[in-house]
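# Observations on the model geometry
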Amino acid sequence: MTEVLTATQPIRLKGRSFLALVLSPELPFDDWLQRLDDLAARSAGFFLQRPIVLDIEGLDVDRGQLRDLVKELARREVRIMGIEGAKPSQLAADLPPAMTGGRPASDFETGGAEMPGPVREKPAARPQRAEYKPGRTVPSIIVTEPVRSGQSLMFEGDITVVGSVASGAEVVAGGSIHIYGTLRGRAAAGSMGDDSARIFCRKLEAELVAIGGYYKTSEDIEPELRGKAVQFWLNGESLLAETLG
Amino acid sequence: MGKAIVVTSGKGGVGKTTSTAAIGAALAQRGEKVVVVDFDVGLRNLDLVMGAERRVVYDLINVIQGEAKLAQALIRDKRVETLYLLPASQTRDKDKLTQEGVEEVITALKKNFDWVICDSPAGIERGPTMAMRHADVAIVVTNPEVSSVRDSDRIIGLLDAKTVKAEQGERVEKHLLLTRYDPARAEAGDMLQVDDVLEILSIPLLGIIPESTDVLRASNLGTPVTLADKHSETAQAYFAAAKRLTGENVPIAIPTDKRGFFGKFFGRKAA
């Protein structure tokens with residue numbers, strides 16, 4: 001029997017870009033994994049459901065070591081969607097595909113246990129990569145509904161929420177975040193490296209706020225700002241806040 | 001064509017089953033044809049609250065699996081003749097709740113009843129998702145405390161994403177039923193205020209049910225609160241909520257502490 005391929009229905013292919021977190025493992029892997037476990041223990045579910053890319057540029061490891069690392073990560077429910085900066089000799093069919101051409105973003109590091117406040121290591125020590133260029137037009141979206149607990153709103157540009165962000169919800173924007181309601185959950189602005197991004201909310205009850213990778217948990221936020229209209233911005237390496245109006 | 005209502009909350013023990021039975025009985029007493037459906041496969045309770053536990057022969061799973069006809073599984077209430085119960089299975093696996101099976105049952109019930117009230121299990125797994133899937137209206141049962149409010153918020157998010165209506169680009173009509181409201185504790189600041197809950201959840205309020213021993217007593221007797229003592233404060237609150245559900249405009253009163261000035265004074269001192 002011969003099958004004739006005459007289906008007129010075309011196959012639909014679409015391009016889509018996602019915001020992925022990039023993990024840069026360091027040698028020895030055992031120590032690094034331990035630090036990762038430490039981070040996971042402090043913020044449960046941090047990597048769950050998130051696209052993760054492994055950046056192994058400059059790492060002197062062979063295919064076997066890499067396979068073990070991917071396995072170890074899978075055991076921690078960190079699913080790797082691709083490997084960046086790998087030599088062909090390090091890859092194989094059973095490993096995640098090689099990825100190139102990713103647009104660089106700021107480090108989204110949450111640091112080791114000894115770091116209490118907003119800290120960022122290694123401020124982008126990779127000169128071969130283009131820096132974020134402010135001044136380009138950023139897209140924005142307006143959400144007219146409350147962001148409910150368990151929901152995660154991610155967008156590469158600015159996000160405006162006309163409503164509240166519930167406890168247990170998160171808003172992650174490449175640009176700034178405006179919340180015309182109460183911010184009870186998490187907000188991360190400038191997640192693609194825009195250090196000029198800001199977070200505005202009409203009433204602050206946040207669990208966590210972050211700009212360009214620097215973050216503050218509710219414990220680090222000055223108590224007198226609670227319940228007020230507040231804006232956050234980044235000044236160098238410190239995340240500053242003040243009341244509005 | 002009737003309306004399918006899901007009574008849901010996320011959190012357990014907030015009063016979903018009590019509210020399902022009470023609102024079902026209240027609507028039926030207005031002459032409307034009502035069926036209350038228990039979706040809590042494996043941990044059924046609605047039959048007990050309805051006082052029909054000894055009359056269960058076939059259940060929802062039997063119907064879905066084609067082992068019994070829908071008419072065989074429905075139990076008619078002995079007190080109100082327009083009130084029916086479709087019990088859940090206590091022994092079967094909840095995975096037997098198939099999407100197609102549930103859809104078939106709900107569609108058939110909507111053809112024959114004015115109101116199909118589905119009592120959802122707690123959580124956000126298969127049982128609750130199946131219970132809410134075909135709903136036209138959702139009653140979100142919430143206690144005035146933070147964990148219940150956050151769970152309800154999560155459920156509202158799911159109602160806007162994982163129901164047939166949502167997938168068709170429509171909205172499930174959502175109502176908040178604030179249960180176990182204790183006026184004395186609210187006044188003392190031990191509980192969230194009504195306004196706080198409404199601000200967080202931002203859906204319309206269907207009613208406020210005061211915390212009362214009437215509820216426990218009625219459950220133990222196997223009688224919905226709205227059939228046990230029609231004049232009790234709790235029953236009245238449920239009757240009012242049922243009226244609002246049918247579109248009647250009934251003003252909502254926030255229950256207040258009934259003790260007099262001295263009662264309050266001493267009550268607080270003692271606490």
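About the criteria used
- All residue numbers refer to positions counted from 1 along the written sequence of the respective chain.
- Chain labels run from A onward and ligand labels from 1 onward, assigned in the order the entries are written.
- Side-chain atom pairs in this predicted model are given and counted only at pLDDT of 80 or more, local residue features only at pLDDT of at least 70, and totals for whole chains, interfaces and linings cover all residues.
- Excluding hydrogens and water, the side-chain values take into account all heavy atoms of the structure.
- When checking whether two residues touch, look at their non-hydrogen atoms; a contact exists if any pair is within 4.5 Å.
- Summed over both partners, the accessible surface that disappears when two parts come together, traced with a 1.4 Å probe, is what is meant by buried area.
- A pair is scored as a salt bridge if a Lys or Arg side-chain nitrogen falls within 4 Å of a carboxyl oxygen belonging to Asp or Glu.
- Polar contact criterion, stated in full: a pair of N or O atoms within 3.5 Å, where within protein one must be able to donate a hydrogen and the other to accept it, and residues adjacent in sequence count only if both atoms are side-chain atoms.
- Secondary structure elements are defined from DSSP: runs of H or I of at least 4 residues count as helices, runs of E of at least 2 residues count as strands, and each element is numbered from the N terminus.
- Given the number of residues in a helix, its expected span is that number minus one, multiplied by 1.5 Å.
- Working definition: with a 1.4 Å probe on protein chains only, accessible area under 20% of the residue-type maximum means buried, over 50% means exposed, and in between means partly exposed.
- Note on definitions: angles span 0 to 180 degrees between N-to-C directions of axes, and those axes are lines fitted to C-alpha atoms, for helices only across the stretch in contact.
- In what follows, roughly perpendicular refers to angles from 65 to 115 degrees, roughly parallel to angles under 35, roughly antiparallel to angles over 145, and oblique to any angle outside these ranges.
- Should the near helix be turned counterclockwise from the far one by less than a right angle, the crossing is left-handed, whereas a clockwise turn marks it as right-handed.
- Each residue is assigned to one of three groups, with Ala, Val, Leu, Ile, Met, Phe, Trp, Tyr, Cys and Pro labelled nonpolar, Asp, Glu, Lys and Arg labelled charged, and all others, Gly among them, labelled polar.
- For two strands to count as paired, DSSP must find a minimum of two bridges between them.
- On a range of 0 to 100, pLDDT expresses the predictor's confidence in each residue.

The next point concerns the interface of chain A and chain B. Counting residues at the interface gives 14 residues for chain A, matched by twelve residues for chain B. Here chain A and chain B share an interface that buries about 910 Å² over both sides, 34% of which is from carbon and sulfur atoms. Contact with chain B buries area across many residues of chain A, yet A:Arg148, A:Ser149 and A:Arg184 alone supply 55% of it, more than any other trio. One can count four salt bridges joining chain A with chain B. Across the salt bridge formed by A:Arg148 and B:Asp153, the nearest N and O atoms sit 3.0 Å from each other. For the pair chain A and chain B, the number of links is seven residue pairs in polar contact (both at pLDDT 80 or more).

Okay, helix H13 (residues 233–245) of chain B next. Taking 1.5 Å of rise per residue, the 13 residues of H13(B) would be expected to cover 18 Å, and the 19 Å separating its terminal C-alpha atoms lies within 8% of that figure. With ten of 13 residues buried, H13(B) is to be regarded as a mostly interior element.

This part covers the pattern of salt bridges. A pair can form between side chains of opposite charge whenever their charged atoms are brought close. This model, assessed by the stated rule, comprises 21 salt bridges over all chains. Between B:Arg150 and A:Glu207 there is a salt bridge, and its shortest N-O distance comes to 3.8 Å. Here A:Glu207 lies in the loop between strand S11 (199–204) and strand S12 (208–211) and B:Arg150 lies in helix H7 (residues 146–159), a pairing that spans two chains. On the accessibility criterion, B:Arg150 (41% relative accessible area) is partly exposed. Overall, the relative accessible area of 28% leaves A:Glu207 in the partly exposed class. Its salt-bridge partner being B:Glu145, residue B:Lys11 comes within 3.7 Å of it at the nearest N-O pair. Of this pair, B:Lys11 sits in the loop between strand S1 (3–8) and helix H1 (16–29) while B:Glu145 is found in the loop between strand S6 (137–142) and H7, placing the two residues 134 residues apart along the sequence. A residue is classified by how much of its surface remains accessible, and B:Lys11, at 24% relative accessible area, is partly exposed. Here the salt bridges do not stand alone but share partners, grouping A:Glu145, B:Asp160, B:Arg171 and B:Lys174 into one network.

In this section: the packing of H1(B) against H13(B). To characterise two packed helices, one gives the angle between the axes of the helices and the distance between these axes. All names here are of chain B. Put simply, H1 and H13 touch, their axes get as near as 9 Å, and they point 70° apart. Classified by the angle between their axes, H1 and H13 sit roughly perpendicular to one another. Classified by chirality, the crossing of H13 by H1 is right-handed. Every residue of H13 that contacts H1 at Thr-18, Ser-19, Ala-22, Ile-23, Ala-26, Leu-27 and Gln-29 is listed here: Tyr-238, Phe-239, Ala-242 and Leu-245. When its residues are assigned to classes, the contact of H1 with H13 shows eight nonpolar, three polar and no charged.

Quick look at the sheet that holds strand S5 (residues 140–143) of chain A now. Residue and element names in this part refer to chain A. One open sheet accounts for six strands, arranged S5-S7-S9-S11-S14-S15; its pairing is mixed. Looking at which strands have only one partner, the edges of the open sheet turn out to be S5 and strand S15 (238–243). Averaged over all adjacent pairs, the angle separating strand axes in this sheet is 20°, with direction ignored. Where strand S14 (residues 230–235) and S15 come together, six bridges link them in antiparallel fashion. When the sheet's bridge partners are listed, Val-230 is paired in S15 with Thr-243.

Now for the environment of A:Thr160. Residue and element names in this part refer to chain A. Following the sequence through the fold, Thr-160 ends up in strand S7 (residues 158–161). A sequence separation of 18 residues divides Thr-160 from His-178, and the C-alpha atoms of the two residues are 4.6 Å apart. In this structure, Thr-160 is in contact with Ile-141, Ile-142, Val-143, His-178 and Tyr-180, ignoring residues within four places of it in sequence.

For the rest of this paragraph, the subject is the packing of H7(B) against helix H10 (residues 194–201) of chain B. Residue and element names in this part refer to chain B. Between H7 and H10, whose axes approach to 10 Å, the crossing angle comes to 30°. By the angle between their directions, the pair H7 and H10 is classed as roughly parallel. In this structure, H7 meets H10 at a crossing whose hand is right-handed. On H10, the residues touching Val-149, Ser-152, Asp-153 and Ile-156 of H7 are Val-197, Ile-200 and Leu-201. Of the residues contributing to the contact of H7 with H10, the split by class is five nonpolar, one polar and one charged.

Turning next to the pairing of S11(A). Residue and element names in this part refer to chain A. Pairing analysis gives five bridges linking strand S9 (residues 177–183) to S11, with the strands arranged parallel. The residue bridging Ile-179 from the neighbouring strand is Cys-201, located in S11. As paired elements, S11 and S14 share three bridges and run antiparallel to each other. Each residue of the ladder has a partner; that of Cys-201, found in S14, is Val-230.

To summarise the sheet geometry, strands pair through backbone hydrogen bonds and adopt either a parallel or an antiparallel arrangement. All names here are of chain B. Sheet architecture is open: eight strands sit in the order S3-S4-S2-S5-S1-S6-S7-S8, paired in mixed fashion. At either margin of the open sheet sits one strand with a lone partner, and together these are strand S3 (75–76) and strand S8 (205–210). Relative to strand S7 (residues 173–181), S6 runs parallel, the two being bridged by six bridges. Bridging across to S7, Val-137 finds its partner in Glu-173. Where H1 meets the sheet, its contacts fall on S1, strand S2 (34–38), strand S4 (83–86), strand S5 (115–119), S6 and S7, and the angle it forms with S5 comes to roughly 165°.

Of all residues in chain B, 94% have pLDDT values of 70 or greater, and the mean over the chain is 91. Low pLDDT (under 50) marks residues 263–271 of chain B, which in the prediction has six contacts with non-local residues, meaning those over four places away or in another chain.

Let us now look at the side chain of A:Ser164. Considering the arrangement of structural elements, one finds A:Ser164 in the loop between S7 and strand S8 (170–173). Overall, A:Ser164 belongs to the buried group, its relative accessible area being 9%. Here the side chain of A:Ser164 touches A:Thr182 through a polar contact of 3.0 Å, landing on its backbone nitrogen. Excluding residues within four positions of it along the chain, A:Ser164 makes contact with A:Pro146, A:Val147, A:Gly181, A:Thr182, A:Arg184 and B:Glu199.

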